[in-house]
Amino acid sequence: MGPDEDHKNVTNNAYTNVIAGYALYFGDLTKCLVSSCDQDRGGNWSDLASRIKLLYDAQNDYHPQFEGYRRDTVIKQADTVLLGYPLQYPGLTTTARSNDLRFYEAVTRSSGPAMTWAIHAVNHLDLGEVGEAARRFEQSYRDYVRGPYRVWSEVGPGQSGARNFITGAGGFLQAVINGYGGVRVFLDHLEIRNSRLPPGSATSFKIKGLQYLGTRLTLTVTTSSTKLSVEQICQNMTIQIGNGLPTLIVEREICK
């Protein structure tokens, strides 16, 4: 079973297969880090990972959720769309990713949990679909945040679900930090790509306490600039400035 809990005991679920492949690739990476990359010494996990099937419908240019899935089948929550974010699957084309979002948005049931639409928002932002991202971002909290303490509910009004749904709140935070903030974490580097303000009247927002490999960062995004402040650094660090940021100012304070 993949993340879509409405479909159990399925074969070749896209998310499950990709995450299993990642685990196998990581096995070989770990072997290289701690001993040797010699393929004759121990199992070749990467070879096994490369044989795992990822279903692809060439006619419709999208990824079926599992073997035997029909495009009009209703699902509970984000599943295959997770290939784009958070899995950042390198073999995912732009058109297939966009189609995955469009196809599965149409069949996600209205009583599904809160975090689905936050994940869709991040994926739309990656594709530059800013208007659709804004709609999904609003959808991720509009019907799920309850008063008087602004606590996330798992489901919409009038439905029964978890009342303090941390997963929904976490999805919202990822939409802000990883979506509008553009923060991406990889094994060997951290990227901040195409930061932009969330929809609404805000003129700036700040993400404090980003920690990566002993470095503590603060990201500030305004209507005219993106500022990355390196609050603490205890080792050598390379900062590459790409074309996606309008203005990037780097400040650094070496820790003692």
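The residue numbers shown here count from 1 along each chain, following its written sequence. Confidence filtering applies because this is a predicted model: local features only for residues at pLDDT of at least 70, side-chain atom pairs given and counted only at 80 or more, and all residues used for totals across whole chains, interfaces and linings. Heavy atoms from the whole structure form the basis of all side-chain values; hydrogens and water molecules are not counted.

Draft legend 1. Spatial organisation of the overall build of the chain. In this text, helices come from DSSP runs of H or I with a minimum length of four residues, and strands from runs of E with a minimum of two, each type numbered from the N-terminal end. Counting its secondary structure elements, the chain contains six helices and eight strands. The helix and strand sequence of the chain, counted from the amino end, reads α-α-α-α-α-β-β-α-β-β-β-β-β-β. For every residue, the accessible area obtained with a 1.4 Å probe (protein chains only) is divided by the maximum for its type, and the residue is called buried under 20%, exposed over 50%, and partly exposed between those limits. Counting over 256 residues, the chain shows a buried share of 42%. Pairs at least 24 apart in sequence give 48% of the contacts found in the chain among residues at least 6 apart. Throughout, a contact is declared for two residues whenever any of their heavy atoms are within 4.5 Å.

Draft legend 2. Geometry of the pattern of salt bridges. Here a salt bridge means any side-chain nitrogen of Lys or Arg lying within 4 Å of a carboxyl oxygen belonging to Asp or Glu. Taken as a whole, this structure holds 13 salt bridges when the rule is applied. Between E5 and K76 there is a salt bridge whose closest N-O contact spans 2.4 Å. Of the two residues, E5 sits in the segment before α1 (14-34) while K76 sits in the loop between α2 (45-50) and α3 (94-105), which places them 71 residues apart along the sequence. Taking the relative accessible area as the measure of exposure, E5 reaches 40% and is therefore partly exposed. In this structure, D126 and R184 form a salt bridge, with 2.6 Å as the shortest nitrogen-oxygen distance. Of this pair, D126 sits in helix α4 (residues 115-126) while R184 sits in strand β3 (residues 183-185); the two residues are 58 residues apart in sequence, bridging distant segments of the chain. The exposure class assigned to R184 is buried, which follows from its relative accessible area of 1%. A single network of salt bridges, built from pairs that share partners, joins E105, E132, R135 and R136.

Draft legend 3. Geometry of the packing of helix α5 (residues 130-139) against helix α6 (residues 166-180). Where α5 meets α6, the closest approach of the two axes is 10 Å, and the angle between their N-to-C directions is 155 degrees. Looking at the two axes, α5 sits roughly antiparallel to α6. In terms of crossing hand, the pair formed by α5 and α6 is left-handed. Counted together, A133, A134 and F137 of α5 and F172, A175, V176 and Y180 of α6 form the full contact between these two elements. Between N-to-C directions, angles span 0 to 180 degrees; the directions come from axes that are lines fitted to C-alpha atoms, helices contributing only their stretch in contact. Just so you know how the angles are binned, under 35 degrees is roughly parallel, over 145 roughly antiparallel, 65 to 115 roughly perpendicular, and the rest oblique. In a left-handed crossing the near helix is turned counterclockwise from the far helix by less than a right angle, and in a right-handed crossing that turn is clockwise.

Draft legend 4. How the structure looks around the nonpolar core. Ranked by size, the top nonpolar core spans 35 residues in total, and within it Y69, Y104, F137, Y180, F205, L210 and L219 carry the most contacts. Those elements that place two or more of their residues in this core are α3, α4, α5, α6, β5 (204-212), β6 (215-222) and β7 (226-233). When residues in this core are grouped by element, the largest group, five residues, is from α4. In plain words, nonpolar cores are sets of buried Ala, Val, Leu, Ile, Met, Phe, Trp, Tyr and Cys residues tied together by side-chain atoms within 4.5 Å. Counting residues in hydrophobic clusters, the runner-up holds seven residues, among them M115, W117, V145 and F165.

Draft legend 5. Just unusual backbone geometry, in detail. Omega for the bond connecting Y85 with P86 falls within 30 degrees of zero, at 15 degrees, which places this linkage in the cis form. Relative to the helices and strands, P86 resides in the loop between α2 and α3. Between G147 and the following residue, P148, the backbone shows a cis peptide bond with an omega angle of 0 degrees. With respect to the element layout, P148 can be found in the loop between β1 (145-146) and β2 (151-152).

Draft legend 6. Summary view of α3. One less than the residue count of a helix, multiplied by 1.5 Å, gives the span that helix is expected to have. Between its terminal C-alpha atoms α3 stretches 17 Å, which fits the 16 Å expected from twelve residues at 1.5 Å a residue. Here α3 has its buried residues at A96, R97, N99, D100, L101, F103, Y104 and E105.

Draft legend 7. Just the pairing of β7, in detail. In short, DSSP must find at least two bridges between two strands for them to pair. Pairing geometry for β6 and β7, over six bridges, is antiparallel. Residue pairing in the sheet places V221 in a bridge with T226 of β7. Hairpin geometry of β6 and β7 is characterised by an intervening segment of three residues between the two adjacent antiparallel strands.

Draft legend 8. Up close: α4. With twelve residues, α4 should reach 16 Å at 1.5 Å per residue; the first-to-last C-alpha distance of 17 Å fits that figure. In terms of residue burial, α4 counts as a mostly covered element, since eleven of its twelve residues are buried. Turning to α4, its buried residues number three or more, namely M115, T116, W117, A118, I119, H120, A121, V122, N123, H124 and L125. Packing partners of the buried residues in α4 comprise α3, α5, α6 and β3. One or two residues past the end of α4 sits G128, with phi positive at roughly 80 degrees.

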